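# Topology and contacts: notes
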Amino acid sequence: VPLRTDNLTITAPDGSKVEPQNAHTGKYRSVFDLQLTQQGTYRIALVNQGLFANWEENGTPKRWRGNAETFAKEVPKDAKNLQITQSASRIETFVTSGAPTHDVLKTTGKGLELVAVTHPNDLFAGDTANFKLLIDGEPASDVKVEIVAGGTRYRDAQQEILATTAKDGSFSVTWPAPGMYWLETSVQDDKAAPPASQRRAGYVATLEVLPQ
């Protein structure tokens, strides 16, 4: 199933929003064009946030997905075995025309986010990059991060790089070789905002590491 681009947000180096061009969703993938009219770093992100609920109604399982505004109208207050989860996911990559800039790297305080101590478009093989993870604006400590180099089809093993965030949410990665890398992590806990009782957040980034 192709990844939908309904919640695609492209932020230009000056902070303005940019509309994708020639967007198309096919059977297996979604594609679009982006003209880099400004010098600096662009942020391309798919962000989804909302609530997920499940309960029983006359012995039949019921499920609902939406936002806090529609929750009270669409989910019965007396629902049996009601469970509510606050969910957030972010998938992003960064593109730079000319020299890297930092304005688009600011965090929002919502969901699981990457703080790029090392600029994501300034990564080189053999170097160590430093990052931090935040969950709803607070340090995400003791979170496992998995990083996998591209080209897994041609390897007998994934050869993943594993890291765990420190108390302040920081972690580092030493890039073994140039190429494309997939960074993925997630958090699940009970620190949700009402009416949810569980919080679930995920983060994915595609990063390019250049040769020295």
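So, a few notes on the structure that sits alongside this text. Small disclaimer: the values here were computed from a predicted structure and weren't measured. (Residues numbered from 1 in each chain as written. Predicted model: local features only at pLDDT ≥ 70, side-chain atom pairs only at ≥ 80, totals over all residues. Heavy atoms only, no water.)

### Regarding the overall build of the protein chain
This is how it is decided: Where helices and strands are cited, they refer to DSSP runs of H or I of at least four residues and of E of at least two residues respectively, numbered from the N terminus. Partly exposed residues are those whose accessible area sits between 20% and 50% of the maximum for their type, while under 20% is buried and over 50% is exposed, using a 1.4 Å probe and protein chains only. Throughout, a contact is declared for two residues whenever any of their heavy atoms are within 4.5 Å. The protein chains shown are the only cover counted for residues, whose accessible areas, like all others here, come from Shrake-Rupley with a 1.4 Å probe. Positive charge is attributed to Lys and Arg, negative charge to Asp and Glu, and no charge count is given to His or to the chain ends. In plain terms, the charge of a residue is placed at NZ if it is Lys, CZ if Arg, CG if Asp and CD if Glu.
A tally of regular secondary structure across the protein chain gives 1 helix and 15 strands. Along the longest, intermediate and shortest principal axes, the C-alpha atoms of the protein chain span 65 × 40 × 35 Å. Residues classed as buried in the protein chain amount to 34% of the 212 residues present. Residue pairs in contact within the protein chain that sit at least 24 positions apart in sequence constitute 62% of those at least 6 positions apart. Within the structure as shown, the protein chain displays about 12800 Å² of accessible surface, and the carbon and sulfur contribution to it stands at 48%. Across the protein chain, 22 positive and 25 negative side-chain charges occur, with their mean positions spaced 5 Å apart.

### Regarding the side chain of His119
We apply this condition: For this analysis, a polar contact is any N or O atom pair within 3.5 Å, provided that within protein one partner can donate a hydrogen and the other can accept it, and provided that sequence-adjacent residues contribute only side-chain to side-chain pairs.
Relative to the helices and strands, His119 resides in the loop between strand E8 (112–116) and strand E9 (128–135). The exposure class of His119 is buried, given its relative accessible area of 5%. Within the local environment of His119, its side chain forms a polar contact with the side chain of Thr41, the two groups lying 3.2 Å apart. Within the structure, His119 has its side chain in polar contact with the backbone nitrogen of Asn121 (distance 2.9 Å).

### So, the nonpolar core
Generally speaking, a soluble globular protein has its nonpolar side chains buried in company with each other. For clarity, the threshold we go by: Here the nonpolar core consists of buried residues drawn from Ala, Val, Leu, Ile, Met, Phe, Trp, Tyr and Cys, with membership extended through side-chain atoms lying within 4.5 Å.
One finds Phe131, Phe171 and Trp175 to be the most contacted residues of the largest nonpolar core, which totals 28 residues. Here this core takes 5 residues from strand E15 (residues 198–209), the largest share from any one element. Filtering out sequence-adjacent residues up to four positions away, Phe171 remains in contact with Leu114, Ala129, Asn130, Phe131, Lys132, Leu133, Val145, Ala163, Thr164, Thr165 and Leu183. Core analysis: the second largest hydrophobic core is formed by 10 residues, Phe71, Val75, Ala79 and Ala192 among them.

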